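# Secondary and tertiary structure notes
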Amino acid sequence: MSIGRNISRIAAGALFAGTALTLAVPASAQTEIQWWHALTGANNDVVNRLAAEFNASQTQYKVVASYKGSYADTMNAGIAAFRAGNAPHILQVFEVGTATMMSARGAIKPVADVMEEAGKLFDPNVYLPAVAGYYSTSKGEMLSFPFNSSSTVMWYNKDAFRKAGLNPDAPPKTWPEVFEAAKKLKATATPNCGFSTAWVTWVNIEQFSVWHNIPIGTKANGIDGFDTVFRINSPTHVKHFANLAELAKDKTYVYGGRTNTGEGTFTSGECPIMLTSSGFYGNVKANAKFDWGNAPMPYYPDVPGAPQNSTLGGASLWVMGGKSSNEYKGVAAFFAFLSDTDRQARLHTESGYLPITKAAYEKVKASGFYNANPYLETPLKSLNNKAPTENSRGLRFGNLVQIRDIWSEEIEEILAGKKTAQQGMDAAVARGNASLRQFERTVSR
Amino acid sequence: MERRALFGGKLLPYTLLLPQFAIVVVFFYFPAGQAVWQSMLMEDAFGISTEFVGFENYQILAADPDYYKTMLTTAVFSILVAFLSLSCGLLLAVMADKQIKGATIYKTMLIWPYAVAPAVAGVLWLFMFQPSLGMLAKMLRSWGVDWNPLLNGNHAMILVVLAATWKQISYNFLFFLAGLAAIPKSVIEAAAIDGARPMRRFWTIIFPLLSPTAFFLLVINIVYVFFDTFGIIDSVTGGGPAGNTTTMVYKVYQDGKAGSNLGGSAAQSVVLMIIVIALTAIQFKFVERKVQY
């Protein structure tokens, strides 16, 4: 009996609390804008602060930022929500998912349209060319709103360099120089590792190709059409992987895994050279107990035109389709808020992500910030090294999430000595193409 | 003598059956039917364009050498895990069944790992064998073993087998212990009086009497390896290196969730479903036979 009474009392209490809550919040005409993202730690704080600042700056709209797991998880959550009919307004999608999003014309609304309909100024030319190129169609239409971007750099341990008798202020520029330095480092300073790479396909296939101005695939790396085929079994690619496999035998090169889990071997001091994202900055700054630096990616000097320019990693914001025009106005207002030069400049200096507009870059440069923080400018110099070509504008392949796994499998076979570099890269091309054809078939109807 | 409940009409028994039937339909037949339907479609990730392709997803699967490799991996993985976890479980149960001090504490401690979530178990083993940080990996390295589960498929397989086995030993231990308790002590005592030594008593009396339990556990373990080891594989190796630890259920996830190829993934689920139905059928047949003992 008493249990039943308690329950009814709790229920009455809850009902009362509910009524009180409804009364406390005035019935407002605020429109909620859902923003799903994948940023953790300090960057999660940046996202929440942006939403809070925007909400405080006006009363009409309220941006609600929700963390949805890793990049892949967030994208899958967005896709699943779309299929269930309740997609968020803004979805953060990593660069690998760009082609999938672009091909889903019914599921997304091009950011240029959103801005134009709301009467907001939107000029793709304000963005750094590498950024605008990555998120635009071949006709120059910008489909998503660039948000956080990074690029590949080579991090190195200056203390280990000194110990090995190398000049810590003149890091190796070319791959042969890296190999020589790594051998010396392994012989003297770091017995378990000469150099390593995280994000193995991003660094050794995607960025590697772009940096050497050689195609990853036909049709301008897939940007000009889905009927693209891979070209990553070229002599330059094969030579690179043959070198890595040879150096992996005695641990001069240490395989760091498919994602960034191997990055810890740099901050722990085990690996003196690590090629990975410039976004590694915060982690290095916080955890490396030695003198460190970074430098542009190395290149093979015998490849004509190298180094070209690097390309982006990171993510952009996609506006999902099927929402009301009022909601789109809110999204446009939020994007206009984000585009402000001061805000962009502050985002860059606080988060370590790249500035994405020319104005923000110039502003930070003029403030002398890079004199004190030269390592934040390295990826920008690489990105803007030369005017982008057909091979270096960016890349756009469907199923790339899955294809990266296929490539990783083949690279693992090469490094384990089960396949030659030529066999492995031929298989990477053949299996990757099969996946591209499957994608092409599902989108081109 | 058959025991049978008698009902006046047909309405009442069917009405009583209805709730159970409704649950089975909603939670089994409906999703299973959806999987079969999905396996005959080809669509993009967002489900905007859908094409009915009949059995083409199955044909693609049958022509994919990777799928056969996955089947082989699954077979190796299941046999290793089932064999190791059953034998360790049996050994521990026989030991714990003896008259020893603090047997209850022992037993409780041995059952404990079963309460650990697969992903957590995976991470535990991952830490211990992490090449540059793990205690056990450091030990292996000091013995001159070039331990590298990131590139060496056999090492990665050893790691997931260890984690999956460790997690399952408790379950097997529990059932073997119950099985041992059910064996009449008089039989064993009689054998002892006849002069049979402990090893001989075990192999000629205890083990045959335990065989129904062992067979039941074998089926359960295989089902466990097929499905429940997903979390361990995902957290320890992610199916790598070079797909050497990608089991069938992990490939369903990889292709469907990570790769957005729902049709192909559904076709794989259907194949898996058929395998499990076959396994369950074997189990039922066994249970029926046991009734005749």
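Predicted model only: the values in this text are computed from it and were never measured. Along each chain, residue indices are assigned from 1 in the same order as the chain's sequence is written. Ligands are numbered from 1 and chains lettered from A, in the order in which they are written. Residues qualify for local features only when their pLDDT is at least 70, as the model is predicted, and side-chain atom pairs are given and counted only at 80 or more; totals for whole chains, interfaces and linings, by contrast, use all residues. Neither water nor hydrogens contribute to the side-chain values; these are computed over all heavy atoms in the structure.

## Quick look at the overall build of chain A
Stated formally: Only DSSP runs of H or I covering at least 4 residues are called helices, and only runs of E covering at least 2 are called strands; the numbering of each starts at the N terminus. The quantity called the radius of gyration is restricted to C-alpha atoms. Its globule counterpart is 2.2 Å times the number of residues to the power 0.38. For accessible areas, the Shrake-Rupley method is used with a probe of radius 1.4 Å. Any residue's cover is judged against the shown protein chains and nothing else. Positive: Lys, Arg. Negative: Asp, Glu. His and the chain ends are not part of the count. By convention, charge coordinates are those of NZ in Lys, CZ in Arg, CG in Asp, or CD in Glu.
When its secondary structure is counted, chain A shows 20 helices and eleven strands. For 445 residues, the compact-globule estimate of 2.2 N^0.38 gives 22 Å, and chain A sits close to it at 24 Å. Taken along the three principal axes of its C-alpha coordinates, chain A extends 75 × 60 × 50 Å. Carbon and sulfur atoms make up 55% of the accessible area of chain A, which amounts to about 17,600 Å² in all. Mean positive and mean negative side-chain charge positions of chain A (43 and 37 charges, respectively) differ by 3 Å.

## Brief notes about the domain arrangement of chain A
Residue and element names in this part refer to chain A. Under the convention used in this document: Delimitation of the domains relies on an automatic or database domain assignment. Any two residues having at least one pair of non-hydrogen atoms within 4.5 Å are treated as being in contact. We define buried area as the total accessible area lost by two parts upon association, computed with a 1.4 Å probe and summed across both. Definition used for salt bridges: Asp or Glu carboxyl oxygen within 4 Å of a side-chain nitrogen of Lys or Arg.
Per the domain assignment, the segments making up chain A are domain 1 (9-149 + 312-372) and domain 2 (152-309 + 398-443). For domain 1 versus domain 2, the separation of C-alpha centres amounts to 31 Å. At the junction of the two partners, domain 1 supplies ten residues and domain 2 supplies 13 residues. Summed over both partners, the interface of domain 1 with domain 2 comes to about 940 Å²; 64% of that surface belongs to carbon and sulfur atoms. There are one salt bridge connecting domain 1 and domain 2. A total of three residues in the side of domain 1 that touches domain 2 trace back to one element, the largest contributor, which is helix α4 (residues 98-103).

## Re the sheet that holds strand β6 (residues 152-157) of chain A
Residues and elements named next belong to chain A. Stated formally: One bridge is not enough; two strands pair if DSSP finds at least two bridges between them. Throughout, an axis means a line fitted to C-alpha atoms (over the contacting stretch in the case of helices), and angles, computed between N-to-C directions, take values from 0 to 180 degrees.
Taken together, five strands build an open sheet; the order of strands is β8-β7-β9-β6-β10 and the sheet is mixed. Two strands close off the open sheet at either side, each with one partner strand: β8 (253-255) and β10 (292-295). Each neighbouring strand pair of the sheet contributes to a mean axis angle of 25 degrees, computed without reference to strand direction. Pairing of strand β7 (residues 195-197) with β8, which is carried by three bridges, proceeds in the parallel orientation. Of the residues in β8, the one forming a bridge with T197 is Y255. Across the sheet, helix α9 (residues 200-211) lies against β6, β7, β8 and β9 (273-277), angled at about 85 degrees from β9, the strand it touches most.

## Focus on the pattern of salt bridges
Test applied: Each residue's exposure class comes from its accessible area (1.4 Å probe, protein chains only) as a fraction of the maximum for that residue type: buried when under 20%, exposed when over 50%, partly exposed otherwise.
Inspection of every chain in the model, using the stated rule, returns 29 salt bridges over all chains. Residues D224(A) and R393(A) are paired through a salt bridge, measuring 3.8 Å at the closest nitrogen-oxygen approach. Pair noted here: D224(A) is in the loop between α10 (218-221) and α11 (235-248) and R393(A) is in the loop between α18 (378-383) and α19 (400-415), with a separation of 169 residues, a long-range link. A residue is classified by how much of its surface remains accessible, and R393(A), at 23% relative accessible area, is partly exposed. Where D405(A) meets R258(A), a salt bridge forms, and the shortest distance between an N and an O atom there is 3.4 Å. Residue D405(A) is found in helix α19, and its partner R258(A) is found in the loop between β8 and α12 (264-267); the two are separated by 147 residues along the sequence. Since its relative accessible area comes to 25%, D405(A) is described here as partly exposed. One continuous salt-bridge network, built from bridges that share partners, spans E409(A), E410(A), K419(A), R431(A) and D66(B).

## Side note on the pairing of β9(A)
All names here are of chain A. Within β9, five of the five residues are buried, leaving the element largely enclosed by the surrounding structure. Where β6 meets β9, five bridges bridge the pair, whose relative direction is antiparallel. Residue pairing in the sheet places M154 in a bridge with L275 of β9. Two strands pair when backbone bridges link them, and β7 and β9 are joined in this way by two bridges, in the parallel orientation. Across the sheet, the residue bridging to T197 is L275, located in β9.

## Considering the packing of aromatic side chains
For the record, the criterion: Classification of ring pairs rests on two measures: the distance between centres of Phe, Tyr or Trp rings, Trp counted by its six-membered ring, which must be within 6.5 Å, and the angle between planes, read as stacked under 30 degrees, edge-to-face over 60 and tilted in between. For a ring to carry a charge above it, either NZ of a lysine or CZ of an arginine must fall within 6 Å of the ring centroid while also lying within 35 degrees of the normal to the ring plane.
Within the structure shown, the criterion is met by 46 aromatic pairs over all chains. Between F369(A) and Y370(A) the ring centres are 5.9 Å apart and the planes differ by 70 degrees, which places this aromatic pair in the edge-to-face class. With a centroid separation of 5.7 Å and 45 degrees between ring planes, the pair formed by Y250(B) and Y253(B) is classed as tilted. Of the two residues, Y250(B) and Y253(B) are both situated in helix α11 (residues 248-258); the distance of three residues between them amounts to about one turn of the helix. Cluster of aromatic residues (ring-pair linked, three or more members): W35(A), F54(A), F122(A), Y127(A), F145(A), F147(A), F334(A), F335(A) and F337(A). Note that K68(A) overlies the ring of W36(A), its terminal NZ or CZ placed 4.3 Å from the centroid. Above the face of the F337(A) ring, R343(A) is positioned so that its terminal group lies 3.7 Å from the ring centre.

## Observations regarding the confidence of the model for chain A
Caution applies to low-pLDDT regions: their predicted coordinates should not be interpreted in detail. What counts is decided by this rule: Predictor confidence is given residue by residue as pLDDT, running from a minimum of 0 to a maximum of 100.
When pLDDT is averaged along chain A, the result is 87; 93% of the residues meet or exceed 70. Counted against residues more than four places away or in other chains, residues 1-27 of chain A, with its pLDDT under 50, gives zero contacts.

## Regarding the pairing of strand β1 (residues 31-37) of chain A
Residue and element names in this part refer to chain A. Among the seven residues in β1, five count as buried, and that is most of the element. The pairing of β1 with strand β2 (residues 61-67) spans seven bridges and is parallel. Note on β2: the bridge partner recorded for W35 is A65.

## Some words on the interface of chain A and chain B
Selection criterion: Polar contact is defined as a pair of N or O atoms within 3.5 Å, subject to the rule that within protein one atom must be able to donate a hydrogen and the other to accept it, and that residues adjacent in sequence are counted only when both atoms are side-chain atoms. Three classes are used, and their members are as follows: Ala, Val, Leu, Ile, Met, Phe, Trp, Tyr, Cys and Pro are nonpolar, Asp, Glu, Lys and Arg are charged, and the others, Gly among them, are polar.
With 34 residues of chain A at the contact, the number on the chain B side is 34 residues. Along the contact surface separating chain A from chain B lie four salt bridges. For the pair chain A and chain B, the interface holds five residue pairs in polar contact (both at pLDDT 80 or more). Breaking the side of chain A that touches chain B down by element, the ones donating at least two residues are α3 (71-83), α4, α19 and α20 (421-443) of chain A. Considered class by class, the residues forming the side of chain A that touches chain B number ten nonpolar, eleven polar and 13 charged.

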